[in-house]
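# Inside the fold
Listed below are the residues making up each chain.
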Amino acid sequence: MNTTYPSSFAIHSPKKLVSDKSEFISQALSEVVNTGKYWEELMQERIFKPLGMTSAGFGNLGKPGKINQTWGHRKSWKEWNPVYSNCAEVLGPAGWIHCNIELWAKFLSLQLSKSNPILDSTLLNKLRVPPGGFYAGGWGLAEPEWAKGIILTHSGSNEIWFSNVLVATKLNSKICST
């Protein structure tokens, strides 16, 4: 994506700017042009349901005014304060999904298999091959010696929660952290 005003979520490379804006464009295209369904419906239908991710969801955990789930925190001066908040709805495809670490690992396992129930190998490989540089289909790519091949990395935040993942495809391993 080419723009003169980079987003705070952007990853800079010498040739282009890649940011969450591409997620929003993908969301709009899949909703309006391709299916007529909202992106949340598509995620439920095409990702969560086939993987058995029954407790995965969108937006905040729990209910406002009740402490029945973990809350994110925001730093205010010298202290961290619990916040029942999330990023704007338009940022949903880049920061609204929540699930437990077991389900997240199940999703990441899709990247470890040459075939999986959701994506055929042609499309899966397309998501892993950068058009130039080190960024492809939402994944940062690197090839450290210890990994014996390519690793896929992704870090993200909705300004309340932060997460980081690393998938070492040749070692059949994944690491999730929040």
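Okay, so let's go over this structure. Note that the coordinates shown come from a computational prediction; the quantities given were computed from them, not determined experimentally.

Definitions and limits used
Residues numbered from 1 in each chain as written. Predicted model: local features only at pLDDT ≥ 70, side-chain atom pairs only at ≥ 80, totals over all residues. Heavy atoms only, no water. Helix = DSSP H or I, 4+ residues; strand = E, 2+ residues; numbered from the N terminus. Buried < 20%, exposed > 50% of the residue type's maximum accessible area, 1.4 Å probe, protein only. Contact = heavy atoms within 4.5 Å. Areas by Shrake-Rupley, 256 points an atom, 1.4 Å probe, with all protein chains shown as cover. Salt bridge = Lys/Arg side-chain N within 4 Å of Asp/Glu carboxyl O. Core = buried A, V, L, I, M, F, W, Y, C linked by side-chain atoms within 4.5 Å. Pairing = 2+ DSSP bridges. Expected span 1.5 Å × (residues − 1). Bend = angle between axes of the 7 residues up to and from the residue. 1 Å grid on protein atoms, 1.4 Å probe; cavity = no way out; pocket = protein on both sides within 12 Å on 5 of 7 lines; lining within 4 Å. Points joined across faces, edges and corners; volume = space filled by probe spheres on them. Nonpolar A, V, L, I, M, F, W, Y, C, P; charged D, E, K, R; others polar.

## Re the overall build of the protein
Each helix and strand in the protein was counted, giving five helices and 11 strands. Residues counted as buried form 31% of the 178 residues belonging to the protein. The long-range share in the protein, meaning contacts at least 24 apart out of those at least 6 apart in sequence, stands at 41%. Accessible surface, the protein: about 11,600 Å² in total, of which carbon and sulfur atoms supply 56%.

## Points about the pattern of salt bridges
According to the stated counting rule, one finds two salt bridges in the structure shown. Here Glu45 and Arg46 are joined by a salt bridge, their closest N and O atoms 3.9 Å apart. Judged by relative accessible area, which is 38%, Glu45 ranks as partly exposed. Among the residues examined, Arg46 registers a relative accessible area of 45% and is labelled partly exposed. Among the ionic contacts, a cluster of salt bridges with common partners joins Lys37, Glu45 and Arg46.

## A few points about the nonpolar core
Grouped together as the largest cluster of nonpolar side chains are 11 residues: Trp104, Ala105, Leu108, Leu112, Ala136, Trp139, Leu141, Leu152, Val165, Val167 and Cys176. Of the residues forming this core, the biggest block, three residues, is contributed by helix 4 (residues 101–108). In contact with Cys176, not counting residues within four places along its chain, are Ile101, Trp104, Ala105, Leu108, Asn164 and Val165. Ile47, Met53, Ala56 and Leu110 belong to the second largest nonpolar core, which has seven residues in total.

## As for the pairing of strand 8 (residues 139–142)
Here strand 7 (residues 135–136) pairs with strand 8 via two bridges, running antiparallel. Residue pairing for strand 8: Ala136 is matched across the bridge by Trp139. Once strand 7 ends, the chain turns through two residues before running back antiparallel as strand 8, passing Gly137 with a positive phi of about 50 degrees. Here three bridges tie strand 8 to strand 9 (residues 151–157), and the two strands are oriented antiparallel to one another. Within strand 9, the position partnered with Gly140 by the bridge is Thr153.

## Looking at helix 2 (residues 39–51)
Helix length check: helix 2, at 13 residues, gives a terminal C-alpha distance of 17 Å against a target of 18 Å (1.5 Å per residue), a fit within 8%. Glu45 marks where helix 2 bends most, by close to 30 degrees. Considered for burial, the residues of helix 2 that qualify are Trp39, Glu40, Leu42, Ile47, Phe48 and Leu51. Gly52 lies just past helix 2 and shows a positive phi near 70 degrees.

## A few points about empty space enclosed by the protein
One pass over the full model with this rule turns up three cavities of 30 Å³ or more. Here the largest cavity is characterised by a volume of approximately 50 Å³. Forming the walls of the largest cavity are Asn60, Leu61, Thr70, Trp71, Gly72, Val83, Tyr84, Ser85, Ile160 and Trp161. Split into classes, the residues belonging to the lining of the largest cavity amount to six nonpolar, four polar and no charged.

## What about the sheet that holds strand 11 (residues 173–177)?
Strand order across the open sheet formed by five strands is 7-8-9-10-11, with antiparallel pairing between neighbours. In this open sheet, the two edge strands, each paired with only one partner strand, are strand 7 and strand 11. In this sheet, strand 11 lies alongside strand 10 (residues 162–168) in antiparallel orientation, the contact comprising five bridges. Paired with Leu166 across the bridge in strand 11 is Ile175.

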